[in-house]
Amino acid sequence: MTTAINTKIKPEDNIAKGAPVIVIEHLFKRFGKNVVLKDFNLTVHGEENVVVLGKSGAGKSVLIKCIIGLLKPDSGKILVFGENVPGMNPDELDKVRTKIGFLFQANALYDSMTVRENLEFPLRRHWIDLSQKQVDQMVSEALENVGLKNTGDMMPSELSGGMLKRIALARTLILKPEVILYDEPTTGLDPVTSREIDRLILTLQKKYHTSSIVISHDMNCVKNIADRVILLLDGVCYADGTYEELEQSGDEKIKQFFEQ
Ligand SMILES: Nc1ncnc2c1ncn2[C@@H]1O[C@H](COP(=O)(O)OP(=O)(O)O)[C@@H](O)[C@H]1O
Ligand SMILES: [Mg+2]
């Protein structure tokens, strides 16, 4: 069902810098015998960038899918702006997804739609009372934000990996979310393009005053982006600190990530 939410142009209503925007308490998630999250806790504050480190299969994607309500945890709370996501009905989830943007690892653009149609899609879905003029303006602004002004009529198949990532970012940002979850934003991109994406993430975060959780094993990306780094290990938040604090840790399990 499509619901008209609000057409208010943010970021005027952004949450105060430093206030908690996501609070995760005692989160448990398992698939059969595979216990992925076991008493995981994390708080993300306004305008903070938290990077989640962890080995492949550690549960990083599961964690952010729980935050956005794509997966339901077995128990625990995920408060987003004070509201518990696992307890939400489909309409409430739809509403909260206008506040939390999610950049999928594989971009998840529609191949059969032009770039413009891909960007219009979330607007039409969530903000049905926008005029065509407003939609056009928002699409132009979104494309300009990611430095790809003239690509509206192109098909995703005509774009490079870096351009696709930018378009996916533009589509995430078009609803002006207050929190953005990035699942490995630079994986599969060459180093130069990766650093461009890091800079873009930071630029747009400053412009729109968003908070974010970024999953990454790209240590350059981590260093560039993170205000705080956490390590997801054995289902818990094993370490939590600045990049420098974790880099200087004597703990073997933490050191591994900094010795790549
Ligand atoms: N929908 C699912 N059904 C069953 N098992 C899943 C599902 N999604 C993830 N898993 C399992 O959960 C664990 C964590 O996966 P994931 O969060 O994708 O790891 P990563 O840290 O690499 O992102 C893995 O063992 C994976 O096989
Ligand atoms: Mg993953």
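Above: the structure in question.
What you see is a predicted model, and the numbers here were worked out from it, not measured in a lab. (Residues numbered from 1 in each chain as written. Chains lettered and ligands numbered in written order. Predicted model: local features only at pLDDT ≥ 70, side-chain atom pairs only at ≥ 80, totals over all residues. Heavy atoms only, no water.)

### Here we look at the environment of Tyr238
Here comes step 1: Within the fold, Tyr238 resides in strand 10 (residues 236-241).
Here comes step 2: A sequence separation of 15 residues divides Tyr238 from Lys253, and the C-alpha atoms of the two residues are 9.2 Å apart.
Here comes step 3: Among residues more than four places away in sequence, those in contact with Tyr238 are Leu231, Leu233, Asp251, Lys253 and Ile254. (Helix = DSSP H or I, 4+ residues; strand = E, 2+ residues; numbered from the N terminus. Contact = heavy atoms within 4.5 Å.)

### A word on the sheet that holds strand 6 (residues 100-103)
Here comes step 1: The 6 strands are arranged 6-7-8-3-9-10 in an open sheet whose pairing can be described as mixed. Only two strands of the sheet have a single neighbouring strand rather than two, namely strand 6 and strand 10. Strand-to-strand twist across the sheet, computed as the mean angle between neighbouring axes with direction ignored, equals 20 degrees.
Here comes step 2: Direction of pairing for strand 9 (residues 228-233) relative to strand 10: antiparallel, over a ladder of 5 bridges. (Pairing = 2+ DSSP bridges. Axes fitted to C-alpha atoms, helices over the stretch in contact; angles between N-to-C directions.)

### A closer look at the sheet that holds strand 5 (residues 83-84)
Here comes step 1: With respect to topology, 4 strands assemble into an open sheet ordered 2-1-4-5, the strand pairing being antiparallel. Of all the strands in the sheet, the pair left with one neighbour each is strand 2 (34-45) and strand 5.
Here comes step 2: Of the pairings in the sheet, the one linking strand 1 (residues 20-31) to strand 4 (residues 75-80) comprises 5 bridges and is antiparallel in character. Looking across to strand 4, one finds that Ile22 is bridged to Val80.
Here comes step 3: On top of the sheet, helix 1 (residues 60-67) reaches strand 1, strand 2 and strand 4; it is set at about 120 degrees to strand 1, its chief contact.

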